[in-house]
Amino acid sequence: MVAVVGAAQARRIALAAQGFGRERGRTVTMRQVQRVISQVAQFQVDSVNVCVRAHYMPLYARLGDYDRALLDRAVNAKPRRVYEFWGHAASLIDVELAPAFRFRGEEHRQRPWSMMREVLASKPELVDKVYAQVAARGPLTAREIEHEQERAKGPWWDWSEAKSALEWLFYIGELSSAGRNSQFERRFDLPERVLPAAIHGTPTPTDDEARIELARRAAAALGVFNEAGLAEYFYTDRRKTGEALAYLIATGEVEPVSVRGWSRPGYLWSAAARPRKLEVDTLVSPFDSLVFDRARLLETFGVHYRIGLYTPKAERVHGYYVYLFVMDDRIAARVDLKADRKASRLLVQSAWLEQGSGETETVHRLGDELRRLADWLGLADVSVTGVGDLASALAASY
């Protein structure tokens, strides 16, 4: 008989699997950072820095005030704990998963983007030349590569051919990233100089073995999920992820469940924590692994969420770069945040109450969390300046 999981219980399982609900505010060490890495497996990378870069926020959301140099060290210094590659999107991924992701480089090799096809066809020697320079002199940024900077115009970038070659080599896994510089440029290097020797030396798993390992890590990170959500976590092929899921069910690592309110069959990571209560007050960014799967967010938390970043200004509903406020086992509010570093203020450009949340309690707890976030960012004040049905009450609380 299939077990039934209530809607509130499903939310608590999902939050606990993602590392929420532990005490925040204690001194954070690399041990706590590693614990989160082991749980969520990836921190999505994004170049937007309107408040704080996306990859720094997941640790803050789960651990509270921490020194961002800890994550920088995990990315840039040996022994690296995360490396940059393509997970759900461009992400800092647990190095333990590097062997399981090798198949992705081979998949990418079969699908060069249009500009890269042109470069490969017209200047096939360029890729070898760029690789040789990195091998001899790396780590290097694209600007440090010695090559005539012929640029191709495109809607999203203005890349030289050398930059395209570097990105291609990164895309197929022949180059890795030794971290990013202060301008957020990748520092390309050879994988054997980036990854720990034991990881780089691990034999390449079969395609089936790799997909089972990724499905296993995704299932543990999600706690409770449907089949589509399992594939979305690392953006893996749905049919092959379904085969991996069947294997995990057969081994007893995953069990089918019925989740109240879900339209599709649910599954539970058998070892998932099942807390009766969670105490959470935190903000999560648009690219946090709790919320980057918008369909799962809607099904599990009842929240329809779209980032305004990619929407024309006139069509935005809640703002440009909107964070969600997690309060206990619900998402209680959303706020559009910007760090005004010159004036040392955290700007709340909009604030909205989610359906079913109490205004008074949400204002009090969200206000405290915004003050903690501002302190972590080194900002002196919180300023509520924007629109939204929660904005007036939130402004009055300061």
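Residues numbered from 1 in each chain as written. Predicted model: local features only at pLDDT ≥ 70, side-chain atom pairs only at ≥ 80, totals over all residues. Heavy atoms only, no water.

Topic: the environment of valine 52
Move 1: Residue placement: valine 52 occurs in the loop between strand E2 (42-44) and helix H3 (57-63).
Move 2: When the C-alpha atoms of valine 52 and leucine 377 are compared, they prove to be 7.9 Å apart, with 325 residues separating the residues in sequence.
Move 3: Apart from the residues within four sequence positions on either side, valine 52 is in contact with Met57, Arg68, Tyr323, Arg341, Trp376 and Leu377. (Helix = DSSP H or I, 4+ residues; strand = E, 2+ residues; numbered from the N terminus. Contact = heavy atoms within 4.5 Å.)

What to know about empty space enclosed by the protein
Move 1: Taken as a whole and judged by the stated rule, the model has 1 cavity of 30 Å³ or more.
Move 2: Of the volumes computed, that of the largest cavity is approximately 60 Å³.
Move 3: Forming the boundary of the largest cavity are Arg211, Leu214, Ala215, Leu230, Ala231, Phe234, Thr236, Thr241 and Ala244.
Move 4: When residues of the lining of the largest cavity are traced back to their parent elements, those giving at least two are helix H11 (207-222), helix H12 (227-233) and helix H13 (238-250).
Move 5: Considered class by class, the residues forming the lining of the largest cavity number 6 nonpolar, 2 polar and 1 charged. (1 Å grid on protein atoms, 1.4 Å probe; cavity = no way out; pocket = protein on both sides within 12 Å on 5 of 7 lines; lining within 4 Å. Points joined across faces, edges and corners; volume = space filled by probe spheres on them. Nonpolar A, V, L, I, M, F, W, Y, C, P; charged D, E, K, R; others polar.)

Observations regarding the packing of H11 against H13
Between two packed helices, both the angle of their axes relative to each other and the distance between the axes serve to describe the pair.
Move 1: Put simply, H11 and H13 touch, their axes get as near as 9 Å, and they point 70 degrees apart. Looking at the two axes, H11 sits roughly perpendicular to H13. Packed against H11, whose contacting residues are Asp207, Arg211, Ile212, Ala215 and Arg216, the element H13 presents Lys240, Ala244, Tyr247 and Leu248 at the interface.
Move 2: Residue classes in the contact of H11 with H13 are distributed as 5 nonpolar, no polar and 4 charged. (Axes fitted to C-alpha atoms, helices over the stretch in contact; angles between N-to-C directions. Parallel < 35°, antiparallel > 145°, perpendicular 65-115°, else oblique.)

Topic: the sheet that holds strand E16 (residues 381-387)
Move 1: Here we have 5 strands laid out as an open sheet, ordered E12-E13-E14-E15-E16, and mixed in their pairing. A single partner strand is all that each edge strand has here, and the edge strands are strand E12 (281-284) and E16. If you compare each strand with its neighbour and ignore which way they point, the axes differ by 35 degrees on average.
Move 2: The pairing of E12 with strand E13 (residues 322-327) spans 4 bridges and is antiparallel. Of the residues in E13, the one forming a bridge with threonine 282 is valine 326. (Pairing = 2+ DSSP bridges.)

Overview of the environment of glycine 25
Move 1: Counting through the fold element by element, glycine 25 comes out in the loop between helix H1 (7-17) and helix H2 (30-40).
Move 2: Its relative accessible area of 66% is what places glycine 25 among the exposed residues.
Move 3: A C-alpha to C-alpha distance of 9.5 Å links glycine 25 and arginine 372, two positions 347 residues apart in sequence. (Buried < 20%, exposed > 50% of the residue type's maximum accessible area, 1.4 Å probe, protein only.)

Some details on the pairing of strand E7 (residues 176-180)
Residues in a regular strand project their side chains so that they alternate between the two faces of the sheet.
Move 1: A large share of E7 lies buried, amounting to 4 of its 5 residues.
Move 2: Pairing analysis gives 3 bridges linking E7 to strand E8 (residues 186-189), with the strands arranged antiparallel. Across the sheet, serine 176 pairs through a bridge with aspartate 189, a residue of E8.
Move 3: The turn joining E7 and E8, which pair antiparallel and follow one another in sequence, is formed by 5 residues; a positive phi near 70 degrees is taken by phenylalanine 184.

Remarks on H13
Move 1: Given a rise of 1.5 Å per residue, 13 residues ought to cover 18 Å, and the 18 Å separating the end C-alpha atoms of H13 matches this to within 8%.
Move 2: All of the buried residues along H13 are Thr241, Gly242, Ala244, Leu245 and Leu248. The buried residues of H13 occupy an angular sector of 165 degrees when projected down its axis, which confines them to one face. Relative to its buried face, H13 has exposed residues pointing more than 90 degrees away, namely Arg239 and Ala250.
Move 3: Residues of H13 that are buried sit in contact with H11, strand E9 (224-225), H12, strand E10 (254-259) and strand E11 (266-269).
Move 4: Two or three places before arginine 239, at the start of H13, stands the capping residue aspartate 237, its side-chain oxygen 3.1 Å from that residue's backbone nitrogen.
Move 5: Just beyond H13, the residue with positive phi is glycine 252, at close to 85 degrees. (Expected span 1.5 Å × (residues − 1). Arc of directions from axis to C-beta. Polar contact = N/O pair within 3.5 Å; in protein donor to acceptor, adjacent residues only side chain to side chain.)

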